[in-house]
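For reference, the chains in residue letters:
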Amino acid sequence: MTEYGFNTMLLHGVPQEDPYGATHTPIYQSSAFQHKSAEDLENIFTNKAMGFSYTRINNPTVEAFEKRITKLEHGVASVACASGMAALFNALANILQTGDEVVAAAGLYGGTVELFEDLERFGITTRYVTENEPEAYEKLITDRTRVIFAETIGNPKLDVTDIQAVAEMAHSHGLPLVIDNTVATPYLVKPLELGADVVVNSSSKYINGNSDAISGILTWGGKFQWDPERYPGLIPYKKFGPMAYVAKLRNGLFRNTGACLSPQNAFLNNLGLETLGLRMQRQCDNAWELAEFLRDMGAGLTVNYPGLPESPYYELAKKQLNGGFGAIITVRTGSREKAFEIINSLKLPYILSNIGDTKTLVLHPASTIAVHLSKEDQLQSGVYEDQIRISVGIEDIEDLKKDFETAIRAVNA
């Protein structure tokens, strides 16, 4: 098949097959699906035939979304879930059991840290590195470690993971690497191509792009060889070969916890997905220009953005990411009060907790997405009391610059 460019692949990479000529997979708003015979339904339930039985297990609209993400990430299969957190939980819990350990990056999204705290109650321990370096992960590996986890770009720390180096280190110890690619998206980097084994995206963010659907998706790379002694839960699915990981997930945890994506939200994701490349390029360009503008303003601000040469992750981001540095900026203002005043003085950005919208979004991480973390965990996650997180949208950059300059100068005055 012809290998298209990114935006062409979004539109034409997975052919739309509809008997009526619809250019989008319709919303199959059905809880269950009828079949011509009892034998047909039996074959679907026993994995002897492809088909749809119950939307909690699979659905044509959801499957269309999964196929498109699989194509973009260069994986072999994807499983779409009700939220990004559900996708992350399924990706990890599918291979973990009581007594296992996770080695994870430090600059993680607050909700992810809270999920790992929940896993502690099931006897699954997470050990966090202090620096996002391959050697730091390796030092924490024990005979109980079963997975390495990191984010491509930390949120809101904005540290950048050297995916290839961490993957090589993980594989040298017989461990899989799971990467959360939400902030970068497959537009900037395809972690599976760099050696990651599972990629998770909170598709509520940039993939959807319009803040109108909560969802998440995980994509399996199909290459990691599972050691049956370390991962005994996969033994019954060995007959599925490279698809064992997904077969176990589909037939167990995903189905049994009811973490399915709704057809309506899958449809909205399919619509938003078609402009992912255009939006990401515009948002990355805007973020880079706004970050430089805020840095050069002075005004007592400390600007953090991987696209600034002074960032410790600049060279890695330049090498690893495809022509962009992400669309999130963090700014330290000097005090919590000043951060709040600036946020409240802005006219264009929305004050809300999402990222990846077409509109610019701002929030105070310490009092919102990281509010349930201890002060120590907040600092490890790159969260400070005087910090503002900016998710840059597609507005005209001069309008954004003017709005931020007006707000900041008014507060300083």
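Residues numbered from 1 in each chain as written. Predicted model: local features only at pLDDT ≥ 70, side-chain atom pairs only at ≥ 80, totals over all residues. Heavy atoms only, no water.

Novice: I'd like a description of the sheet that holds strand E5 (residues 177–180), backed by residues and values.
Specialist: Taken together, seven strands build an open sheet; the order of strands is E1-E7-E6-E5-E4-E2-E3 and the sheet is mixed. Strand pairing shows two members of the sheet lacking a second neighbour, strand E1 (77–81) and strand E3 (125–128), which therefore form its edges. Pairwise comparison of adjacent strand axes, ignoring direction, gives a mean angle of 20° for this sheet. Of the pairings in the sheet, the one linking E5 to strand E6 (residues 198–201) comprises three bridges and is parallel in character. Following the sheet pairing, Asp-180 is matched in E6 by Val-200. (Pairing = 2+ DSSP bridges. Helix = DSSP H or I, 4+ residues; strand = E, 2+ residues; numbered from the N terminus. Axes fitted to C-alpha atoms, helices over the stretch in contact; angles between N-to-C directions.)

Novice: Tell me about the pairing of E6, and name the residues and values.
Specialist: Side chains Val-198 and Val-200 project from E6 onto one buried face, and the interleaved Val-199 and Asn-201 project onto a second face that is buried too. Two strands pair when backbone bridges link them, and E6 and strand E7 (residues 216–220) are joined in this way by four bridges, in the antiparallel orientation. Bridging from a neighbouring strand, Val-198 pairs with Trp-220 of E7. (Buried < 20%, exposed > 50% of the residue type's maximum accessible area, 1.4 Å probe, protein only.)

Novice: Explain the layout of surface pockets to me, using residue names and the numbers behind them.
Specialist: Its volume calculated, the largest pocket comes out at about 820 Å³. If you trace the largest pocket, you find 24 residues lining it, with Asn-47, Met-50, Gly-51, Asn-58 and Arg-250 closest to the centre. For the lining of the largest pocket, the elements supplying multiple residues, two or more each, are helix H2 (38–45), helix H3 (60–73), E1 and helix H9 (244–251). For the lining of the largest pocket, a count of residues per class yields twelve nonpolar, seven polar and five charged. (1 Å grid on protein atoms, 1.4 Å probe; cavity = no way out; pocket = protein on both sides within 12 Å on 5 of 7 lines; lining within 4 Å. Points joined across faces, edges and corners; volume = space filled by probe spheres on them. Nonpolar A, V, L, I, M, F, W, Y, C, P; charged D, E, K, R; others polar.)

Novice: Outline helix H7 (residues 163–172), supporting the account with residue identities and numerical values.
Specialist: For H7, every residue scored as buried is listed here: Ile-163, Val-166, Ala-167, Met-169 and Ala-170. The arc that holds the buried residues of H7, viewed along the axis, is 165°, so those residues lie on one side. When the buried face of H7 is taken as reference, the exposed residues oriented beyond 90 degrees from it are Glu-168 and Ser-172. Of the residues one or two after H7, Gly-174 is the one with positive phi, at around 70°. (Arc of directions from axis to C-beta.)

Novice: Describe the environment of Val-383, and please don't skip the residues or the numbers.
Specialist: Mapping Val-383 onto the fold places it in the loop between helix H15 (375–380) and strand E12 (387–391). Separated by 228 residues in sequence, Val-383 and Asn-155 place their C-alpha atoms 9.2 Å apart.

Novice: Could you give an account of the packing of helix H4 (residues 84–93) against helix H5 (residues 110–120), naming the residues involved and the relevant values?
Specialist: Two elements in contact, H4 and H5, have axes separated by 11 Å at closest approach and are oriented at 45°. Compared by their axis directions, H4 and H5 come out oblique. Considering the relative orientation of H4 and H5, their crossing is right-handed. Touching Met-85, Leu-88, Phe-89 and Leu-92 of H4 are Gly-111, Thr-112, Leu-115, Phe-116 and Leu-119, all from H5. (Parallel < 35°, antiparallel > 145°, perpendicular 65-115°, else oblique. Left-handed = near helix turned anticlockwise from the far one by under 90°. Contact = heavy atoms within 4.5 Å.)

Novice: With reference to specific residues and values, describe the packing of aromatic side chains.
Specialist: What the rule picks out here adds up to 13 aromatic pairs. Here Phe-6 and Tyr-187 contribute two aromatic rings whose centre-to-centre distance is 5.1 Å and whose plane-to-plane angle is 75°, an arrangement assigned as edge-to-face. In this pair, Phe-6 sits in helix H1 (residues 6–12) while Tyr-187 sits in helix H8 (residues 185–188), placing the two residues 181 residues apart along the sequence. You'll find Phe-6 and Tyr-187 in the same group, each marked buried. An aromatic cluster is defined as three or more aromatic residues linked by ring pairs; in this entry it consists of Trp-220, Phe-224, Trp-226, Tyr-231 and Tyr-245. Sitting over the ring of Tyr-384, Arg-332 keeps its end group 3.8 Å from the ring centre. (Phe/Tyr/Trp six-rings, centres within 6.5 Å; stacked < 30°, edge-to-face > 60°. Lys NZ or Arg CZ within 6 Å of the ring centre and 35° of its normal.)

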